[in-house]
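Examining the three-dimensional arrangement
Residues per chain, in single letters:
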Amino acid sequence: MRVARGEHGFTLVELLVTMTITTIVFGATLSVLDVFQRNNRFEVLRNETQDNARTAADRLARQLRNVAAPSTGAAGALEQKEPYSIIFQSIDPTSLNGGGNATHAMRVRYCLDASTPTNEVLWTQVKRWAKEPPAVPTSTACPDPSAADFETNTQLVQHVTNENGGQNRPVFSYSAEGIPQTTSVEMNLFLDLNPGHRPGETQLTSGVALRNANRPPTAKIKWTLINKHVSLNATESANPDGLALTYQWWKDGVLQTASGAEWETKEESSGTHTYELEITDPSGLSDKAKETVPVP
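Residues numbered from 1 in each chain as written. Predicted model: local features only at pLDDT ≥ 70, side-chain atom pairs only at ≥ 80, totals over all residues. Heavy atoms only, no water.

Next up on the list: empty space enclosed by the protein. Tallied over the full model, the rule gives two cavities of 30 Å³ or more. Roughly 60 Å³ of volume is contained in the largest cavity. Lining the largest cavity, in full, are Phe-42, Arg-46, Thr-49, Gln-50, Leu-191, Asp-192, Leu-193, Pro-199, Gly-200 and Thr-202. Sort the elements by how many residues they give to the lining of the largest cavity and helix α1 (residues 12-65) lands first, with four residues. Across the lining of the largest cavity, the residue classes break down as four nonpolar, four polar and two charged. The space that makes up the second largest cavity amounts to roughly 30 Å³. (1 Å grid on protein atoms, 1.4 Å probe; cavity = no way out; pocket = protein on both sides within 12 Å on 5 of 7 lines; lining within 4 Å. Points joined across faces, edges and corners; volume = space filled by probe spheres on them. Helix = DSSP H or I, 4+ residues; strand = E, 2+ residues; numbered from the N terminus. Nonpolar A, V, L, I, M, F, W, Y, C, P; charged D, E, K, R; others polar.)

Right, dumping it as structure tokens:
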């Protein structure tokens, strides 16, 4: 006689236990996958932010290397230099305008919008012209909202944290005080997609020398009195960029014909005489010196 096969299955308790274990394992797997996806997305955004910062630094360096040569109207290479804003004239590679703007110059501004401390934004603005350059804008807003000041506004880098938490970390640092003496610019950007959490901030630093920067000359006078003749010597006057200088002399407020670095006057009358010197480089930057000489 054949015995029937057993048809026993899982009990309800066994099924519930199995389903519970499966749910826990599946949930843990999904949690790990979700964390992985979030971390991967965060790393992608982090890399994009760093790439944008590097691109902005390269763009600034390229424009600063092509900074427009200074003139008597704008001494030095920079029109404005602030810790969080910089304005200068550079060469516009897309310009075909001639006329008064034969050098194809354009005005460029870089500035930091810190209105949202945890997500500050680096902007660039551009102004072009056909003839004479307009006056340097005085607005401190970033970006400058006036269309008369700048015609294009472009976001370059987000998630900047230079001023996050009230920190004073300038975006732009300069080689020396005073616009005419500036010969290099350094840009520092602190970046953080999620302030207060790991992996924390990253810093990008880039510097560029202003090869077209023209520093003003320094005038110096030495004098010697010889038998009521005053010998004036300005050979110690110097131009830090090695450019040739022109000389103009004044005696008691009257322009003289002397035009060299050395000048010996005719016999002077007794009393006190004032001699002035003005030296000028080829770009129009100048400096003056004055000496008062008592003649017995």
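For the structure shown, the criterion picks out one disulfide. Between Cys-111 and Cys-142 runs a disulfide, and the two sulfur atoms are separated by 2.0 Å. Between Cys-111 and Cys-142 the disulfide shows an S-S torsion of about 85°. By sign, it is right-handed. Taken as a pair, Cys-111 in strand β3 (residues 105-113) and Cys-142 in the loop between β4 (120-128) and β5 (152-160) lie far apart in primary sequence, 31 residues in all. On the basis of relative accessible area, Cys-142 is assigned to the buried category, the value being 15%. (Disulfide = S-S within 2.5 Å. Buried < 20%, exposed > 50% of the residue type's maximum accessible area, 1.4 Å probe, protein only.)

With respect to the helices, strands and loops of the structure, Arg-169 is situated in the loop between β5 and β6 (172-174). For Arg-169, a relative accessible area of 16% gives the class buried. A distance of 3.4 Å separates the side chain of Arg-169 from the side chain of Gln-167, its partner in a polar contact. Not counting residues up to four positions away in its chain, the partners in contact with Arg-169 are Tyr-84, Thr-161, Asn-162, Phe-190 and Glu-201. (Polar contact = N/O pair within 3.5 Å; in protein donor to acceptor, adjacent residues only side chain to side chain. Contact = heavy atoms within 4.5 Å.)

Formed by 31 residues in total, the largest nonpolar core has its most connected members in Leu-64, Ile-86, Phe-88, Val-157, Phe-172 and Leu-189. Ranked by residues supplied to this core, first place goes to α1 with six residues. Apart from the residues within four sequence positions on either side, Ile-86 is in contact with Leu-64, Leu-78, Gln-80, Val-108, Arg-109, Tyr-110, Phe-172, Tyr-174 and Val-185. (Core = buried A, V, L, I, M, F, W, Y, C linked by side-chain atoms within 4.5 Å.)

Okay, the pattern of salt bridges next. Counted under the stated rule, the structure contains eight salt bridges. For Glu-43, the salt bridge is made with Arg-46, and the minimal N-O distance between the two is 3.8 Å. Linking Glu-43 with Arg-46, this pair stays in helix α1, spanning three residues, or about one helical turn. Among the salt bridges present, the one from Glu-268 reaches Lys-251, with a minimum N-O distance of 2.5 Å. (Salt bridge = Lys/Arg side-chain N within 4 Å of Asp/Glu carboxyl O.)

Let us look at the environment of Gln-203. Among the secondary structure elements, Gln-203 is positioned in strand β8 (residues 202-209). Residues Gln-203 and Asn-162, 41 residues apart in the sequence, show an inter-C-alpha distance of 9.6 Å. Engagement of the side chain of Gln-203 in a polar contact is seen with the side chain of Asn-188, the distance being 3.3 Å. Polar side-chain contacts of Gln-203 include one of 3.5 Å to the side chain of Thr-205.

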